[in-house]
Amino acid sequence: MAQDELEEIDGLKPKVWLKDGEETEVSSQSSNSVYKVKRTFDHYYCTCPAWRNQGGSPVNARTCKHLKTLLGDKYEAARIKMKNPNGPPPKATKAKPPSKAKGAAAKAAPKTPAKRKKAAVQEDEEDEDEDEKPAPKRGRKAAAPKAPVKGKGKAKQVDEEEEDDDDEEEGEDDDDEAPAATGKYVPELLLANKWDLEKGLDPTGWWISEKLDGVRTFYDGKQFFSRLGNPFTPPVWFLEKLPSDVTLDGELYGGRGEFQSTVSIVKTVNSVHWKNITFQIFDIPSRGEDVFEERCDFLEKTFGENGTHRAEQIVVVKHEVAKSREHVLEKLKEVEGLGGEGLMLRKPESKYEGRRSGSLLKIKTFYDAEAIITGYAPGKGRNKGMTGALKCKMESGKLFNVGSGLTDKIRKNPPKVGSIIVYRFQELTRDGVPRFPSFVGLAIDKAEPKDAEIPEHRKTDAKDA
């Protein structure tokens, strides 16, 4: 039996074998487009629109024409069935032989004006992936989050291209997450500042809780939304466990070290794996004028052990009082030793604020390492026309991008290709690349990059070993 689950499935092997972290290019069969295919842990990623637009399928059960061409139709069918047994099987790739009639007609046709020619190319590229797009979802349209009581946890309008370098650390970590479409509203949630391990304020008397490695979620009394306003689609039985007269702030959580699996599940419509997800509640915006301790009491009476809405999937996050700085650091070491992400500190008697606030602090251990710059990714939104991220290579050979931590000055005049940079990160993903890498500076005294030494519990695939 193959040690790698994707090496052979039901006796079928891929036509082209990619090891974890390896990538290749696949050319379109009907246009001049070239797409990148990458193996990432338990799935394959393709840069084509068809792969990205399959929001109704788990990340590890998505496919497209290019993956089927590269890996084989039968292999892909077996892989999708293994990863999403209750989902629809992928359609077989249809061969598109060149049409003689079409070629003759093209010769006789008048020249296409420049603007129309460009549009025609775009249409051809879109047509190529037309049969891969997910079917329209039935049922009523998802409503935007309603405004909670007293304006707390209410919604704000955001620009489609709005960017925030710190967003990636607030539970919106998956690379498929994007801001809700222009005109939609997103919840105003309480966001944390960072607590410095050495110079941070005295935490004595503050409330300590574990920083969960899940997906930040807002409940508006009817359904779940991400921090950026995108709706999640849990089974009806999950939502029926929650009351409709409150708004809640928490995380959809699949367990320590299970972030990538959690993202895959919560982004899948009615996934059978929702039974492995809990909604961990840490606040109630609709009672935001009450002090934190009173809000916690209400949550415990509602969802706690003897609560009116007690349920296995609904959990109130536990807090304990910080006795000293040393107590907080010991607790951080304990949680990280168990595979946890870090800690949160909550100011006593604080109210709920729908913005980033000093009343909520996050604590995580980071690692520094070096990488060599191999190129640049173009900027988007407010960074359009500048460098969006530095393309880098680790000592191990793994490739990744560093976009956080870059100032406008650096984006306009980035370090040269071949330069060694120092970057900071929290942990390694399942395919061995840094999670949340942030630019620190140039390593002017180094000729070769050096990877960080990471404890096993800081590797997200430690449970899979």
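Above this note sits the structure.
A quick note: this is a predicted structure, and the numbers were derived from the prediction, not measured. (Residues numbered from 1 in each chain as written. Predicted model: local features only at pLDDT ≥ 70, side-chain atom pairs only at ≥ 80, totals over all residues. Heavy atoms only, no water.)

## Quick word on the packing of aromatic side chains
Under the defined criterion, the tally for this structure stands at nine aromatic pairs. Here W237 and F238 contribute two aromatic rings whose centre-to-centre distance is 5.6 Å and whose plane-to-plane angle is 45°, an arrangement assigned as tilted. Put simply, the rings of Y219, F224, W237, F238, W274 and F279 pair up and form one aromatic cluster. The ring of Y44 carries R39 above its face, with NZ or CZ at 6.0 Å from the centroid. (Phe/Tyr/Trp six-rings, centres within 6.5 Å; stacked < 30°, edge-to-face > 60°. Lys NZ or Arg CZ within 6 Å of the ring centre and 35° of its normal.)

## Description of the pairing of strand 11 (residues 278-283)
Counting buried residues along strand 11, six of its six residues qualify, which places the element largely inside the surrounding structure. For strand 10 (residues 248-253) and strand 11, the ladder comprises five bridges, and the chain directions are antiparallel. Following the sheet pairing, E251 is matched in strand 11 by Q280. Where strand 11 lies against strand 12 (residues 314-316), three bridges are found, and the strand directions are parallel. Across the sheet, the residue bridging to Q280 is V315, located in strand 12. For the handedness criterion, the β-α-β arrangement of strand 11, helix 8 (residues 292-303) and strand 12 is classed as right-handed. (Buried < 20%, exposed > 50% of the residue type's maximum accessible area, 1.4 Å probe, protein only. Helix = DSSP H or I, 4+ residues; strand = E, 2+ residues; numbered from the N terminus. Pairing = 2+ DSSP bridges. Right-handed = clockwise from strand over helix to strand, strands pointing away.)

## Focus: the environment of S264
Mapped onto the secondary structure, S264 falls in helix 7 (residues 259-266). Note on S264: relative accessible area 10%, which makes it buried. Linking S264 and V59, residues 205 residues apart in sequence, is a C-alpha distance of 5.4 Å. Residues contacting S264, with those up to four places away along its chain left out, are P58, V59 and N60. Polar contacts involving the side chain of S264 include one to the main-chain amide nitrogen of V59, which spans 3.4 Å. (Contact = heavy atoms within 4.5 Å. Polar contact = N/O pair within 3.5 Å; in protein donor to acceptor, adjacent residues only side chain to side chain.)

## A short note on the environment of E300
Tracing the chain through its elements places E300 in helix 8. Residue E300 is classed as partly exposed on the basis of its relative accessible area, which comes to 31%. Expressed as a C-alpha distance, the spacing of E300 and V315, which sit 15 residues apart in the sequence, is 9.2 Å. Look past the residues within four positions of E300 in its chain and what remains in contact with it is E305, G307, V316 and K318.

## Some details on helix 8
Within an α-helix, residues lying three or four positions from one another point in the same direction, as the helix has 3.6 residues per turn. Along its twelve residues, helix 8 runs 16 Å from first to last C-alpha, staying within 8% of the 16 Å computed at 1.5 Å per residue. Along helix 8, the positions that sit buried rather than exposed are F292, R295, L299, T302 and F303. Looking straight down helix 8, one finds that the buried residues subtend no more than 90° of arc, so they occupy a single side. The secondary structure elements touched by the buried residues of helix 8 are strand 7 (207-211), strand 10, strand 11, strand 12 and strand 14 (342-346). (Expected span 1.5 Å × (residues − 1). Arc of directions from axis to C-beta.)

## Overview of the sheet that holds strand 17 (residues 387-393)
Spatially, five strands are ordered 18-17-16-19-22 in an open sheet, and the strand pairing comes out antiparallel. The sheet is open, and its two borders are formed by strand 18 (399-402) and strand 22 (438-442), each paired with just one other strand. Strand-to-strand twist across the sheet, computed as the mean angle between neighbouring axes with direction ignored, equals 45°. (Axes fitted to C-alpha atoms, helices over the stretch in contact; angles between N-to-C directions.)

## Focus on the nonpolar core
In globular proteins that are soluble, nonpolar side chains generally tend to be buried together. Within the largest apolar cluster, 24 residues are counted, with the highest numbers of intra-cluster contacts made by F224, L248 and F279. Of all elements in the fold, only strand 8 (215-219), helix 6 (236-239), strand 10, helix 7, strand 11, helix 8 and strand 12 reach the threshold of two or more residues within this core. The element that contributes the greatest number of residues to this core is helix 7, accounting for four residues. Those residues in contact with F279 that sit more than four places away from it in its chain are T217, Y219, F224, F238, L242, L248, G250, E251, L252, Q313, I314 and V315. Ranked by size, the runner-up nonpolar core spans 18 residues in total, among them V59, L67, L71 and Y75. (Core = buried A, V, L, I, M, F, W, Y, C linked by side-chain atoms within 4.5 Å.)

## Let's talk about helix 9 (residues 325-337)
Between its first and last C-alpha, helix 9 extends 18 Å over 13 residues, near the 18 Å set by a 1.5 Å rise per residue. Burial in helix 9 covers these residues: H327, V328, K331, L332, V335 and E336. All buried residues of helix 9 fall inside an arc of 160° around its axis, so they share one side. Of the exposed residues in helix 9, those oriented more than 90 degrees away from the buried face are E330 and K333. In this structure, the buried side of helix 9 is in contact with strand 7, strand 13 (320-321), strand 14 and strand 15 (356-363). Directly beyond the C-terminal end of helix 9, a positive phi value near 95° is found at G339.

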